[in-house]
Amino acid sequence: MSQVPIALLMRLRKARSVAVLTGAGISAESGVPTFRDAMTGLWARFRPEDLATREAFRRNPKLVWDWYQWRRGLIEKARPNAGHEALARLEDRFADFTLITQNVDDLHRKAGSRKVLELHGNIRRNKCFEDNGPVDDRAAEGEAPPRCPRCGGRVRPDVVWFGEYLPQAELAAAFEASRRCEVFLCVGTSALVHPAASLPVEALKHDACLVEINPVETPLSPLCEFSLRGPAASMLPGLLAQT
Ligand code: BJW
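Summary of the structure given here. Here the structure is a predicted model, which is why all the values come from computation and not from measurement. (Residues numbered from 1 in each chain as written. Predicted model: local features only at pLDDT ≥ 70, side-chain atom pairs only at ≥ 80, totals over all residues. Heavy atoms only, no water.)

1. Re helix H4 (residues 61-77)
Link 1 in the chain: The terminal C-alpha atoms of H4, which comprises 17 residues, lie 25 Å apart, in line with the 24 Å expected from a rise of 1.5 Å per residue.
Link 2 in the chain: Residues Pro61, Val64, Trp65, Trp67, Tyr68, Arg71, Arg72 and Ile75 constitute the buried set of H4. For H4, the arc enclosing every buried residue in end-on projection is 155°, short of the 170-degree limit, so these residues lie on one face.
Link 3 in the chain: Tucked inside the fold, the buried residues of H4 contact helix H3 (54-59), strand S4 (121-128) and strand S6 (155-159). (Helix = DSSP H or I, 4+ residues; strand = E, 2+ residues; numbered from the N terminus. Expected span 1.5 Å × (residues − 1). Buried < 20%, exposed > 50% of the residue type's maximum accessible area, 1.4 Å probe, protein only. Arc of directions from axis to C-beta. Contact = heavy atoms within 4.5 Å.)

2. A short note on the sheet that holds strand S2 (residues 96-101)
Link 1 in the chain: Spatially, 6 strands are ordered S3-S2-S1-S7-S8-S9 in an open sheet, and the strand pairing comes out parallel. Because the sheet does not close on itself, it has two edges, and the strands there are strand S3 (116-118) and strand S9 (226-228). Each adjacent strand pair in this sheet contributes to an overall mean axis angle of 15°, direction not counted.
Link 2 in the chain: For strand S1 (residues 17-22) and strand S7 (residues 183-187), the ladder comprises 5 bridges, and the chain directions are parallel. Among the inter-strand pairings, Val18 is bridged to a residue of S7, identified as Val183.
Link 3 in the chain: Against the sheet, helix H7 (residues 168-180) makes contact with S1, S2, S3 and S7, and its axis sits at roughly 130° relative to S2, the strand it touches most.
Link 4 in the chain: The strands touched by helix H9 (residues 232-242) within the sheet are S7, strand S8 (209-213) and S9, with S7 carrying the most contacts at an inclination of about 155°. (Pairing = 2+ DSSP bridges. Axes fitted to C-alpha atoms, helices over the stretch in contact; angles between N-to-C directions.)

3. Describing the packing of aromatic side chains
Link 1 in the chain: Enumeration according to the criterion identifies 5 aromatic pairs in this entry.
Link 2 in the chain: Between Phe57 and Phe129, the ring centres sit 4.9 Å apart and the planes meet at 45°, which makes this aromatic pair tilted. Highlighted residues: Phe57 in helix H3 and Phe129 in the loop between S4 and strand S5 (134-135), separated in sequence by 72 residues.
Link 3 in the chain: The exposure class assigned to Phe57 is buried, which follows from its relative accessible area of 2%.
Link 4 in the chain: A relative accessible area of 8% means that Phe129 is categorised as buried.
Link 5 in the chain: Geometrically, the ring pair formed by Phe57 and Trp161 is tilted, given 5.5 Å between the ring centres and 40° between the ring planes. (Phe/Tyr/Trp six-rings, centres within 6.5 Å; stacked < 30°, edge-to-face > 60°.)

4. Structural notes on H9
Residues spaced three or four apart along an α-helix face the same direction, because each turn holds 3.6 residues.
Link 1 in the chain: Where burial is concerned, most of H9 is hidden: 8 out of the 11 residues are buried.
Link 2 in the chain: Those residues of H9 that sit buried are Ala232, Ala233, Met235, Leu236, Gly238, Leu239, Leu240 and Gln242.
Link 3 in the chain: Among the structural elements, helix H1 (6-14), helix H2 (25-28), helix H5 (82-90), S7, S8 and S9 are those in contact with the buried residues of H9.

These values are about where atoms sit, not about what they do.
In structure tokens:
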């Protein structure tokens, strides 16, 4: 089991309020490629930044839809790993625990986390590109991408693309949790995409202890009081067992 610094364990044992921000790295060991590693095989000649935008969808809806269908196939087969499970169990250890995720794969909920703020939507759901209303699964069959049963607009995944606003209630709740927590844990995120990447900085401004779990350095590393270098699926169970 990974050794967790004693000073970090003491901070956690004393903490009443904890916030966690997760990114694609936590699902890597469930077989879901990280956002920036997702471009393999057929998709190797594209950059994710060129597919996850409204402009890309307008230009070539079938290409973007097919990319999401391919990723949906991977995500459907994926199961939560020990990292997701450890976070679900940590929820019961603190009076105030907020799990904020940038992931669209639903694995936190499948692991048993009850309160999850999804900042970038959920790939399971669809919505209409034109009227923005939800479109259920049955409608999303046939033509690729399918048409909205209300207005005939194209159906798209209900995720947040570059240049789009994040869901305002979730984002506000995430900022509030970042301001009131005593420990802020960043797990498996490159911390490059805003506004999610501003949350740990907000926590730091409000005197939280910043902790990172990532096998490699990120732009957040210099700000962190503790950096646990390793995969989430082994570091998080270690943290749970010793807290
Ligand atoms: C492991 C591991 C293991 C590997 N264990 N770890 C301020 C400054 C500059 C730019 C901006 C700014 N504010 C806004 C912007 C613009 C833009 C932005 O941030 N651009 C940057 C690229 C510079 N942001 C936006 O456009 C956002 N909207 C917005 O700001 O609206 C307001 C607005 C509107 C109109 C005009 C202007 C402003 C929207 C951002 C939406 C992001 N959406 C995506 C796609 C979601 C759908 C999909 O999945 O297809 O979300 S992009 C992509 O990045 C995805 C992810 O959630 C997100 C974050 O990536 P993440 O999770 O960090 O993954 P990776 O792959 O980058 O990193 C994985 C990490 O895991 C690595 O560090 C590995 O080392 C690690 N790892 N194995 C632990 N086993």
